Each structure stands twice: as structure tokens, then as C-alpha cells.
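What follows is each chain in one-letter form.
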Amino acid sequence: VRVYHADGWLETHLLKPMDPSVTLGERTTALQRSGAYLRLGIEHILLGVDHLLFVLGLLLIVRDRWMLVKTITSFTLAHSITLAVATLGYASAPLLPLLPLNAAIALSILFLGPEIVRARRGQTSFTIRHPWVVAFAFGLLHGFGFASGLTTMGLPPAEIPLALLVFNVGVEVGQLGFVVLILLLERAFCALQIH
């Protein structure tokens, strides 16, 4: 909900099913709106089970820490590109219908299944040798999925650069938090096995 006050102030509120009402009269600053976009990005990744499963699949394939950094960075770069392309309007909904896009994202997760088995067996494949290439390719698809969380808000043109930047930062914060959590859990389980 956006209210443009006569004196130039902008009031913005995000309504959700759990909080569907708002009290008007609170003026919001760019910092407050940035905080809302940041939270929206974090929520979008943490509630996006498909994206988290893909990242988990990458974590199960990649054992080398440097290659993991390279792979996650590649995934981040790719989905940042397509998030920007879709949010800025260079790719529209008719070009990328939501149902086929979601199916393709689901297939990206299924693609990793056999690769995880190969990695666990000590076998190799292009994906195991070059996971950053696969992460980049599928990251392009996932970025369009992230964009659906932002473009459906009906952002005013002047607000798009701020929303795009801070939403993407929120997605990255949520994704890195997930990666750190999984790595800490892995370390904890390994420590339990040693004792």
C-alpha cells in the first residue's frame, strides 16, 4: 500500500495474509522502505523451498571449500542478473510464464539428484568437476523465480532501483545464512561421529 502525501512524503506498507490491515498516517523513509525490501528478500529465499533445495544439492556435491565459494558466487551472480532483467522489465510474464518456470526450477533440483549419488560414490561428471557452471545456468532460471516475489508488488518506477538492490541483498543474506547453517550442522554431526 502506497500513499503519496500532498507534502511529498511517501508512506509504504506491505500487507500479508497474517497481517492484512494497516493504519495510515505513518510516513516512511527510504531507510524504512529498504528494511522492508530486505526482509522481503530474506523471507522470499527462506520460504522458497525449491531454491533452498537447489542450494542444498550444491552443498552435497561440492566438497572443496574454494569450489563451494566459487559455485555459490556463480549461482548468486546468475540469479542476480535475471532478477534485474525481469524486475527492470526486459523480460515480461508472457515470455516467461510462471508455471513452466516453476517446473523448470523443480527440474533443476531433480537434475542434482543423480549428481549427488555420483559424488557420494566417488564418480565424476561435468557437474561434479564444474559445479559453478551448472549453478550459473540454473541460477538464471532461479533469478526469474526470485523476480516473481518483487515484480508482483507493482513497484513505482522511481522505487525499482532501491527495491531491486535491497531485495537482492536480502535474498543473498538468507541464502548465505542457509549455507552457514548447513555447514555448521555438518560440522556438528561430524564432531558427534568422532566422539
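Summarised in this report is the structure supplied together with it.

Criteria and thresholds
Within each chain, residue numbers correspond to sequence positions counted from 1 in written order. For a predicted model such as this one, the threshold for reporting local features is a pLDDT of at least 70, and the threshold for listing and counting side-chain atom pairs is 80 or more; totals across whole chains, interfaces and linings nevertheless cover every residue. As a rule here, side-chain values cover all heavy atoms of the structure and leave hydrogens and water aside. The secondary structure listing takes helices from DSSP runs of H or I that are at least 4 residues long and strands from runs of E that are at least 2 residues long, numbered from the N terminus. Partly exposed residues are those whose accessible area sits between 20% and 50% of the maximum for their type, while under 20% is buried and over 50% is exposed, using a 1.4 Å probe and protein chains only. A contact between two residues is defined here by any heavy atoms of the two lying within 4.5 Å. As used here, the term nonpolar core means buried Ala, Val, Leu, Ile, Met, Phe, Trp, Tyr and Cys residues forming a set that is joined through side-chain atoms within 4.5 Å. To count toward a patch, a residue needs a relative accessible area above 30% and no salt bridge. Like charges then connect within 9 Å, nonpolar side chains (Val, Leu, Ile, Met, Phe, Trp, Tyr) within 5 Å. Method for areas: the Shrake-Rupley scheme with a 1.4 Å probe, in which residue coverage is limited to the protein chains shown. One side-chain nitrogen of Lys or Arg within 4 Å of one carboxyl oxygen of Asp or Glu is enough to make a salt bridge. Fitted lines through C-alpha atoms serve as axes, helices being fitted only where they are in contact, and the angles separating the N-to-C directions of these axes extend from 0 to 180 degrees. The labels follow the angle: roughly parallel below 35 degrees, roughly antiparallel above 145, roughly perpendicular from 65 to 115, and oblique for the rest. A crossing counts as left-handed when the near helix is turned anticlockwise from the far one by less than a right angle, and as right-handed when that turn is clockwise. For this scheme, ten residues count as nonpolar: Ala, Val, Leu, Ile, Met, Phe, Trp, Tyr, Cys and Pro. Four count as charged, namely Asp, Glu, Lys and Arg, and the remainder, Gly too, count as polar.

Brief notes about the overall build of the protein chain
Thought 1: Broken down by element type, the protein chain carries seven helices and two strands.
Thought 2: Start at the N end of the protein chain and walk to the C end: the helices and strands fall as β-β-α-α-α-α-α-α-α.
Thought 3: Based on the C-alpha atoms only, the size of the protein chain along its principal axes is roughly 65 × 45 × 30 Å.
Thought 4: Looking at the protein chain residue by residue over its 195 residues, the buried ones come to 37%.
Thought 5: Across the protein chain, contacts joining residues at least 24 apart in sequence account for 70% of those joining residues at least 6 apart.

Structural notes on the nonpolar core
Thought 1: In this structure, Val 55 and Phe 167 are the most contacted members of the largest nonpolar core, which totals 37 residues.
Thought 2: Where this core is concerned, the elements lending two or more residues are helix H1 (30–47), helix H2 (49–61), helix H3 (65–87), helix H4 (98–120), helix H6 (131–151) and helix H7 (160–194).
Thought 3: Element by element, the count of residues in this core is highest for H7, at eight residues.

Quick notes on the environment of Ala 91
Thought 1: Residue position: Ala 91 is located in the loop between H3 and H4.
Thought 2: Residue classification places Ala 91 among the buried residues on the basis of a relative accessible area of 11%.
Thought 3: Through-space distance from the C-alpha of Ala 91 to that of Phe 144 is 9.0 Å; in sequence the pair is 53 residues apart.

Here's the deal with a nonpolar patch on the surface
Thought 1: A grouping of Val 1, Leu 15, Val 22 and Leu 24 is seen on the molecular surface, where their side chains present a nonpolar patch of about 310 Å² in accessible area.
Thought 2: For Val 1, a relative accessible area of 43% gives the class partly exposed.

Some thoughts on the packing of H2 against H7
Thought 1: Following both chains from N to C, one finds H2 and H7 inclined at 45°, their axes separated by 11 Å at the closest point. Taken together, the axis directions place H2 and H7 in an arrangement best described as oblique. Crossing angle aside, the handedness with which H2 passes H7 is right-handed. Contacts from Leu 52, Val 55, Leu 56 and Leu 59 of H2 reach H7 at Gln 175, Phe 178, Val 179, Ile 182 and Leu 183.
Thought 2: Here the residues of the contact of H2 with H7 are counted per class, giving eight nonpolar, one polar and no charged.

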